[in-house]
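Close look at the chain arrangement
For reference, the chains in residue letters:
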Amino acid sequence: MSYLKERILKDGKVLPNNVIKVDSFMNHQIDPQIMQEIGIDFYYRFRQAGVTKVLTIEASGIAPAIITAAHFKVPMLFAKKTQPSTLNNQERYETDIHSYTKDVTSRVIISKQYLRADDRVLIIDDFLANGEAALGLIDLVEQAGATVVGVGICIEKSFQVGRQKLEAKGVPVHSICRIASLENQQIEFLESN
Ligand code: 5GP
């Protein structure tokens, strides 16, 4: 069984509304060893894709994204949920993203300076549920005229529609582990290995 599945089974808690809490190693306290493994995993999966930039959304995407970017030796860029006073409307791309866990919609922004039409962008996030975060990030990349080479997800909840939506857009999705069900508070993975 993979390192991440083992850790989810050991320390993950299933909350109502199909949410898994992984605060002890990914979303609050962060285990650098797990992040290192995740970075290597994404690097091997996308190493032929000519990645020039890794993109995520604050806050919990930042840890896996920065380690992944370090393996590719490219910059990591994160979409900001707060509006920096230093960046006017002409200098930024923006999109609205609905948060699965908080049930609020936030306007997120990136500076035009850091995303160029010739960038080949790997999107990284901690979870994939309904795909709102990843689709919002794809929208930002498209506004810049850049190319999304793939989406790398640490924990995919495969019983939700996120993967289908991304695949319908023709975007390659690689998830380190895929959860088939959280019924009765039990974590069932899609693949048994
Ligand atoms: P989506 O946008 O795909 O609906 O949801 C993904 C985003 O919501 C991720 O950025 C993640 O922060 C959050 N999220 C979705 N499901 C879960 C979950 O089960 N646990 C945690 N901790 N975050 C989740």
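In this report, we go over the structure that sits alongside the text. (Residues numbered from 1 in each chain as written. Predicted model: local features only at pLDDT ≥ 70, side-chain atom pairs only at ≥ 80, totals over all residues. Heavy atoms only, no water.)

1. Overview of the site of the ligand
Around the ligand, a shell composed of 17 residues is seen, among which Ile-20, Asp-125, Asn-130, Gly-131 and Ala-133 lie nearest. Contact between the ligand and Asn-130: an oxygen atom at 2.8 Å from a main-chain N or O atom of the residue. For the ligand, the accessible surface in isolation is 500 Å², of which the surrounding protein chains cover 90%. Taken together, the elements giving at least two residues each to the shell around the ligand come down to strand S2 (19-21), strand S7 (120-128) and helix H5 (132-143). Among the elements that take part in the shell around the ligand, S7 stands out by supplying 4 residues, more than any other. Taken together, the residues of the shell around the ligand break down into 7 nonpolar, 6 polar and 4 charged. (Near = heavy atom within 4 Å. Polar contact = N/O pair within 3.5 Å; in protein donor to acceptor, adjacent residues only side chain to side chain. Areas by Shrake-Rupley, 256 points an atom, 1.4 Å probe, with all protein chains shown as cover. Helix = DSSP H or I, 4+ residues; strand = E, 2+ residues; numbered from the N terminus. Nonpolar A, V, L, I, M, F, W, Y, C, P; charged D, E, K, R; others polar.)

2. A short note on the pairing of strand S5 (residues 92-98)
Pairing analysis gives 7 bridges linking S5 to strand S6 (residues 105-111), with the strands arranged antiparallel. The residue of S6 that forms the bridge with Thr-95 is Val-108. If you look at the hairpin formed by S5 and S6, you'll find 6 residues sitting between the two strands, and Asp-103 has a positive phi there, around 55°. (Pairing = 2+ DSSP bridges.)

3. Overview of the nonpolar core
Counting 32 residues, the largest nonpolar core has Leu-4, Ile-8, Met-26, Ile-38, Val-51 and Ile-155 as the members making the most contacts within it. The element contributing the most residues to this core is helix H3 (residues 32-46), with 5 residues. Not counting residues within four places of it along the chain, the set of residues in contact with Met-26 comprises Leu-4, Met-35, Ile-38, Asp-126, Cys-154 and Ile-155. In this structure, Tyr-93, Val-121, Ala-133 and Val-148 belong to the second largest nonpolar core, which totals 26 residues. (Core = buried A, V, L, I, M, F, W, Y, C linked by side-chain atoms within 4.5 Å. Buried < 20%, exposed > 50% of the residue type's maximum accessible area, 1.4 Å probe, protein only. Contact = heavy atoms within 4.5 Å.)

4. Focus on helix H1 (residues 3-11)
Within H1, burial applies to Leu-4, Lys-5, Arg-7, Ile-8 and Asp-11. Across the axial projection of H1, the buried residues extend over an arc of 165°, all falling on one side. (Arc of directions from axis to C-beta.)

5. Description of the sheet that holds strand S9 (residues 173-181)
Reading across the sheet, the 6 strands line up as S4-S3-S7-S8-S9-S10 and stay open at both edges, with mixed pairing between neighbours. If you trace the sheet from one side to the other, it starts and ends with strand S4 (76-79) and strand S10 (188-189), each paired once. Judged from the 3 bridges that link them, strand S3 (residues 53-57) and S7 form a sheet pairing that is parallel. Bridge assignment links Val-54 to a residue of S7, and that residue is Leu-122. Across the sheet, H3 touches S7, strand S8 (147-157) and S9, and the angle it forms with S8 is around 140°. Sitting on the sheet, helix H4 (residues 62-72) is in contact with S3, S4, S7 and S8, with an inclination near 180° to S3. (Axes fitted to C-alpha atoms, helices over the stretch in contact; angles between N-to-C directions.)

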